[in-house]
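# An overview of the molecular structure
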Amino acid sequence: MNAIEIENLTVWFGAGPDRAEAVRGAALSIPRGASFGLVGESGSGKSTILRAIAGLIPTWSGRIAVEGESLQGARRDRAFHRAVQMVFQDPYASLHPRHTVDRMLSEVLWLHGFRDIDARIERLLSDVGLGRGFRFRYPHQLSGGQRQRVAIARALAPEPRILLLDEPTSALDVSVQAEILNLLSDLRAERGLTYLMVSHDLGVVGHLCQTTAVMRTGEIVEILDVETMRRLQPRHPYTRQLLEASIGLNLGARGAPAPAV
Amino acid sequence: MSGATRPGLRAWLLAEEPTSRAQARAAAWYQGWLKLRANTLAMIGLAILILLTVCAILAPWLATHDPFAQDLAQRLKPPGWEGHIFGTDSLGRDIYSRLLHGARISLYIVLLVALVAPALGLLIGTVAGYAGGWIDVLLMRLTDIFLAFPRLILALAFVAALGAGIENAVLAISLTAWPPYARIARAETLTIRNSDFIHAIRLQGAGPARIVTRHVWPLCVSSLVIRVTLDMAGIILTAAGLGFLGLGAQPPSPEWGAMISEGRKYLLDHWWVATIPGIAIFTVSLAFNLLGDGLRDVFDPKESAR
Amino acid sequence: MSEPHLLDVENLWVRFPTRTGVFEAVRGISFSLGRERLGIVGESGSGKSMTGRAVLRLIRRPGTISADRMLMKGEDILRVSERRMRALRGGRAAMIMQDPKFSLNPVMTVGEQIAEALRAHAPIGRKAARMRALEMLDEVAIRDPERVYDLYPHEISGGMGQRAMIAMMLAPGPEILIADEPTSALDVSVRLQVLQIMDKLVSGRGMGLIFISHDLNLVARFCDRILIMYAGRIVEVCEGGKLHEARHPYTIGLLNSAPDLLRPRPRLAVLERDPAWREAPSVSALL
């Protein structure tokens, strides 16, 4: 059974003449325990797919199934929330500004029916590499990387099997990004999580994922494994264009002389 | 001794790593207090209000005369006349003593309105903003209807229907004061409800009631508190206005507005009868405005992380 | 060799008083800018943007700027009047910010903004300004300048917006361009194009460029010299093509922590920050 299956997914905003389709006829399937990337430029609809799965957008058609269960509209049951969690792009916007880390985590744990809250909070914080000293801090007392760790801890609280990652490192410095990416790979290895990650950075997707779907203006143009991408053998010209742009920007890294511009 | 404990308490409040819920909360309040303290004008406002509260509480002891005792022989005496600090009114009552007792009534009105109106506004505004759809339309049109009337006229209508008296005045003022709060609360809710931290808690399975009360309210409250302190002056004035028109506190109750109303007949020859309660209203209104401005800085969302 | 450098900055400090003491955003750095492309790289909070703003005296109060010397073509910009400074800003030195959405005026067409920038710094007529603005749009590779001239900022894409911004900033003919993360808000595929256009214009006119970015590889590709900043100081100065020879552990750490599609690693190197870096004296980047 696949962790996530999507068939003929169309997501739109607005109605009547204002209707704009953000995603058209997307299909993908992610086996349990896999790490799947969704890449594309801004406005390609990659985050929209994630939000439709999460139940944050009610206007979609087609089929979304999580662990074999088909989803309807924006209604999600408790079982879904225990199985699927999400980490957002901007850790400055995804934590409640007036709640301490402790309050945030205890509320989530309580919602999921856990009663050994104190012990669990300590464990969650240590799982994401934060000490006890962080427990009673407010978000404004944390750095960007620390905030994202708290957001990951919150997502891990219900012990989910699937994590939806919406550009989890794009708001962070490179060195902090490395720490968070390492944390995410460790967590996946330890807990056998399934990842669906959205990113515009092919390097990040290449690091964390095995398979990736390339999106452009609402459509998935190609699904390829990262190895194929690394060998620069995509089938679709758009993927090639994206690869070239991304590698072109990184040429300086290898110390090779920059080609004449 | 206190010199030794103060730095300890201060360090505890400013600790980088609070070790308990209580400490974290206390520290947050303390930070706000530090910010407020840096604002001289706000502190002046706060000092006036504390003074007013103390005066109201201690009125029976601070007053030099019985506020209701009439002495027609001593009527309309100027300030400083034989132990009457602010003079006497048309019935020979001591204005200073009446002012002190009147502070109790004014504070009572202000506090009741300040509790009822924003609470009503917060509830209606956040529900409308979060629910959206027809609930939003219904509640907001209701708000518009209330907003369409001039405030004092609407309050007059309510008092006329309910009967004169302080409690009814409070009710009338609250019923006319909530729509702006509902507007503010709704506007804030609209921006808050699309933020990632609300999405995140929705994804944890939290229902609308919990999200509104625990996640939206704490963020709306700060702007409402600011607005309320800025409106306090208006509330006092509306209460005074009702009193002035004879629809608020009833004579011989020493409500400030009623006192001005009585004094107006003698304004030209005996200016102090109306002017002194007027100055009292002015000072308190100013104090609330100053405090409100200071609170705006404290609650500024652009809290520096440093 | 008698011409002074475009910029000579010695011992620059930028300080912000806070309730808990003075926060030092830039701590005593020295650098020059010739007719070259100078990159300033660092992470958030390293002081790189503050350095760029300080050069144009754009630090908002209560922040303060102090320096032993801050010369723009020999003119001491710490001492000139605010009026003269306004003429220098835009006229001699221009700045491009991260997101064109926030730096273009939303209620004026793109072309009008460029024309206005021209007229603010040169006594030319409306018609001439319009002609010149159209030429500028053409120079930043906007295909249909006549049409784009009359578009409002929300009607154009981010990449086009940033190119319009470059056109606007370069129109009055400044000698120094400060670009603060000019492409971070853009998609990967247009980033390169925008940078190439900027590079071509800056090199073609013999201007000096200060390119501020968090992306070491990108800066390495487009700059002759790179200053690496950490905690308000310069920890290393590198030549553009010789980034692989960098020796400071911070620079090496930054290079290694970025995931690279073509060279996969099971784990990314994590940067261990040595408290000594913060205290080490700033490296001079004077010419």
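Computed from a prediction, not measured in an experiment: that's the story for all the values here. (Residues numbered from 1 in each chain as written. Chains lettered and ligands numbered in written order. Predicted model: local features only at pLDDT ≥ 70, side-chain atom pairs only at ≥ 80, totals over all residues. Heavy atoms only, no water.)

### Observations regarding the overall build of chain C
We count it as follows: Numbering of helices and strands runs from the N terminus; a helix is a DSSP stretch of H or I covering at least four residues, while a strand is a stretch of E covering at least two. Taken over C-alpha atoms, the radius of gyration is set against a globule rule of 2.2 Å times the number of residues to the power 0.38. Each residue's exposure class comes from its accessible area (1.4 Å probe, protein chains only) as a fraction of the maximum for that residue type: buried when under 20%, exposed when over 50%, partly exposed otherwise. Whether two residues are in contact is decided by their heavy atoms, any of which lying within 4.5 Å being enough. All accessibility values rest on the Shrake-Rupley procedure with a 1.4 Å probe; residue burial counts only the protein chains present in the view. We treat Lys and Arg as the positive residues and Asp and Glu as the negative residues; His and chain ends play no part in the count. Think of each charge as sitting on NZ of Lys, CZ of Arg, CG of Asp or CD of Glu.
Within chain C, the regular secondary structure consists of 11 helices and 11 strands. A compact globule built from 287 residues would reach a C-alpha radius of gyration of about 19 Å, and chain C, at 19 Å, matches this within 12%. Considered along the principal axes of its C-alpha atoms, chain C spans approximately 60 × 50 × 45 Å. A burial count over chain C gives 56% of its 287 residues as buried. The long-range share in chain C, meaning contacts at least 24 apart out of those at least 6 apart in sequence, stands at 68%. If you sum the accessible surface of chain C, you get close to 12900 Å²; carbon and sulfur atoms cover 51% of it. Side chains of chain C give 40 positive and 34 negative charges; the mean places of these two sets differ by 3 Å.

### Quick word on the interface of chain C and chain A
Using the following cut-off: Here the quantity called buried area is the accessible surface, traced with a 1.4 Å probe, that two parts lose on coming together, added over both. One speaks of a salt bridge when a side-chain nitrogen belonging to Lys or Arg is within 4 Å of a carboxyl oxygen belonging to Asp or Glu. Under this definition, polar contacts are N or O atom pairs within 3.5 Å; protein pairs additionally need one hydrogen-donor-capable and one acceptor-capable atom, and for neighbouring residues in sequence, both atoms have to be side-chain atoms. Nonpolar residues are Ala, Val, Leu, Ile, Met, Phe, Trp, Tyr, Cys and Pro. Charged residues are Asp, Glu, Lys and Arg, and all others, Gly as well, are polar.
Between chain C and chain A, the contact holds 31 residues from the first and 35 residues from the second. Summing both partners gives a buried area of about 3100 Å² for chain C against chain A, and 59% of it is carried by carbon and sulfur. Where chain C touches chain A, the interface holds 1 salt bridge. Between Asp 186 of chain A and Arg 267 of chain C there is a salt bridge, with its nearest N and O atoms 2.6 Å apart. Counting every contact that joins chain C to chain A gives 8 residue pairs in polar contact (both at pLDDT 80 or more). Counting only elements with at least two residues in the side of chain C that touches chain A, the list comes to helix 8 (188-204) and helix 9 (216-222) of chain C. Counting residues per element, the side of chain C that touches chain A draws most heavily on helix 8 of chain C, at 6 residues. Grouping the constituent residues of the side of chain C that touches chain A by class yields 13 nonpolar, 8 polar and 10 charged.

### Some words on the interface of chain A and chain B
With 34 residues of chain A at the contact, the number on the chain B side is 29 residues. Summing the contributions of chain A and of chain B, the shared interface buries around 2900 Å²; its carbon and sulfur component is 52%. The interface formed by chain A and chain B includes 4 salt bridges. Arg 21 of chain B is the salt-bridge partner of Asp 118 of chain A, the closest N and O atoms lying 3.7 Å from each other. Every element with two or more residues in the side of chain A that touches chain B is listed here: helix 1 (46-54), helix 2 (78-83), strand 6 (84-87), helix 3 (101-111) and helix 5 (144-156) of chain A. With 6 residues, the single largest contributor to the side of chain A that touches chain B is helix 3 of chain A. Classifying every residue of the side of chain A that touches chain B by side-chain character gives 14 nonpolar, 10 polar and 10 charged.

### Examining the sheet that holds strand 6 of chain A
In any sheet, the strands associate via hydrogen bonds between backbone groups, in a parallel or an antiparallel arrangement. Residue and element names in this part refer to chain A. Threshold: When DSSP finds two or more bridges between a pair of strands, those strands are recorded as paired. Orientation is described by lines fitted to C-alpha atoms, with helices fitted over the stretch in contact, and by angles between N-to-C directions that extend from 0 to 180 degrees.
Sheet architecture is open: 6 strands sit in the order 6-7-8-3-9-10, paired in mixed fashion. A single partner strand is all that each edge strand has here, and the edge strands are strand 6 and strand 10 (219-225). Strand-to-strand twist of the sheet, defined as the mean angle between neighbouring strand axes without regard to direction, takes the value 20°. As paired elements, strand 3 (residues 35-39) and strand 9 (residues 211-216) share 4 bridges and run parallel to each other. By the bridge assignment for strand 9, Gly 37 is matched with Thr 212.

### Regarding the UniProt feature "domain: ABC transporter" (unreviewed entry) in chain C
This is how the line gets drawn: UniProt positions are given in the numbering used here, feature names are shortened, and annotations may be inferred rather than shown by experiment.
Per the UniProt entry, the sites bearing "domain: ABC transporter" (unreviewed entry) are residues 7-256 of chain C in this numbering. End-to-end, the C-alpha atoms of residues 7-256 of chain C are 32 Å apart, and along that stretch the chain is 39% helix and 27% strand.

### Thoughts on a nonpolar patch on the surface
Residue and element names in this part refer to chain B. Let me state the cut-off plainly: Patch membership requires more than 30% relative accessible area and the absence of a salt bridge. Residues of like charge join within 9 Å; the nonpolar side chains Val, Leu, Ile, Met, Phe, Trp and Tyr join within 5 Å.
Among the surface-exposed residues, Ile 50, Val 54, Ile 57, Leu 58, Trp 61 and Leu 62 lie close enough to one another that they form a single nonpolar patch of about 600 Å² accessible area. Mapped by element, the contributors of at least two residues to the nonpolar patch are helix 3 (40-57) and helix 4 (59-62). In terms of residues, the nonpolar patch owes the most to one element, helix 3, which gives 3 residues. The topology assignment puts Leu 58 in the loop between helix 3 and helix 4. Relative accessible area serves as the criterion here: at 35%, Leu 58 is assigned to the partly exposed category.

### Describing the pairing of strand 2 (residues 21-33) of chain C
Successive side chains on a regular strand alternate, one facing one side of the sheet and the next facing the other. Residues and elements named next belong to chain C. Where strand 1 (residues 7-18) meets strand 2, 10 bridges bridge the pair, whose relative direction is antiparallel. Opposite Leu 12, over in strand 2, you have Ile 29 as the bridge partner. Taking the residues between adjacent antiparallel strands as the criterion, strand 1 and strand 2 are bridged by 2 residues.

### Some remarks on the side chain of Glu 43 of chain C
Positionally, Glu 43 of chain C belongs in the loop between strand 3 (37-41) and helix 1 (48-55). Once residues lying within four places of it in the same chain are set aside, the contact partners of Glu 43 of chain C are Asp 173, Val 174, Ser 175 and Val 176 of chain A together with Lys 48, Tyr 250, Leu 254, Leu 271 and Arg 273 of chain C.

### Remarks on the environment of His 199 of chain B
Within the secondary structure, His 199 of chain B is located in helix 9 (residues 196-203). Expressed as a C-alpha distance, the spacing of His 199 of chain B and Ile 211 of chain B, which sit 12 residues apart in the sequence, is 10.0 Å. When neighbours within four sequence positions are excluded, His 199 of chain B is seen to be in contact with Arg 51, Leu 56 and Phe 88 of chain A together with Arg 193 and Asn 194 of chain B.

### A word on the pairing of strand 1 of chain C
Where strand 1 of chain C lies against strand 5 (residues 69-72) of chain C, 4 bridges are found, and the strand directions are antiparallel. Pairing of Val 9 of chain C across the sheet is with Met 70 of chain C, part of strand 5 of chain C.

### Observations concerning helix 8 of chain C
To keep it simple, the criterion reads: Expected span of a helix: the number of residues minus one, times 1.5 Å.
With 17 residues, helix 8 of chain C extends 25 Å between its outermost C-alpha atoms, agreeing within 8% with the 24 Å of an ideal straight helix rising 1.5 Å per residue. Burial in helix 8 of chain C covers these residues: Val 188, Arg 191, Leu 192, Val 194, Leu 195, Ile 197, Met 198, Asp 199, Leu 201 and Val 202 of chain C.

### Here's the deal with the sheet that holds strand 4 (residues 60-66) of chain A
Residues and elements named next belong to chain A. Read across the open sheet, the 4 strands follow the order 2-1-4-5; overall the sheet is antiparallel. Strands at the two margins of the open sheet, each flanked by one partner only, are strand 2 (20-31) and strand 5 (69-70). With 6 bridges connecting them, strand 1 (residues 2-13) and strand 4 associate as antiparallel partners. The residue bridging Val 11 from the neighbouring strand is Trp 60, located in strand 4. On top of the sheet, helix 1 reaches strand 1, strand 2 and strand 4; it is set at about 110° to strand 1, its chief contact.

### Observations regarding the packing of aromatic side chains
Rules: Two aromatic rings from Phe, Tyr or Trp, using only the six-membered ring of Trp, form a pair when their centres are within 6.5 Å; if the ring planes differ by under 30 degrees the pair is stacked, by over 60 it is edge-to-face, and anything between is tilted. Distance and angle both matter: a charge sits over a ring if NZ of Lys or CZ of Arg is within 6 Å of the ring centre and within 35 degrees of the ring normal.
Under the criterion given, the structure shown has 6 aromatic pairs over all chains. An angle of 55° between the planes, with centres 5.2 Å apart, marks the rings of Phe 146 of chain B and Trp 178 of chain B as tilted. A residue pair is termed long-range when its members are at least 10 positions apart, and Phe 146 of chain B in helix 6 (residues 133-148) and Trp 178 of chain B in helix 8 (residues 166-193) qualify at 32 residues. When sorted by exposure, Phe 146 of chain B lands in the same class as Trp 178 of chain B, which is buried. Ring geometry for Trp 271 of chain B against Trp 272 of chain B: centres 5.8 Å apart, planes inclined by 85°, an arrangement best described as edge-to-face. The class for Trp 271 of chain B is partly exposed, based on a relative accessible area of 45%. Through pairs of rings, three or more aromatic residues link up here, namely Tyr 230, Tyr 250 and Trp 277 of chain C. The side chain of Arg 19 of chain A reaches across the aromatic face of Trp 12 of chain A, ending 4.2 Å from its centre.

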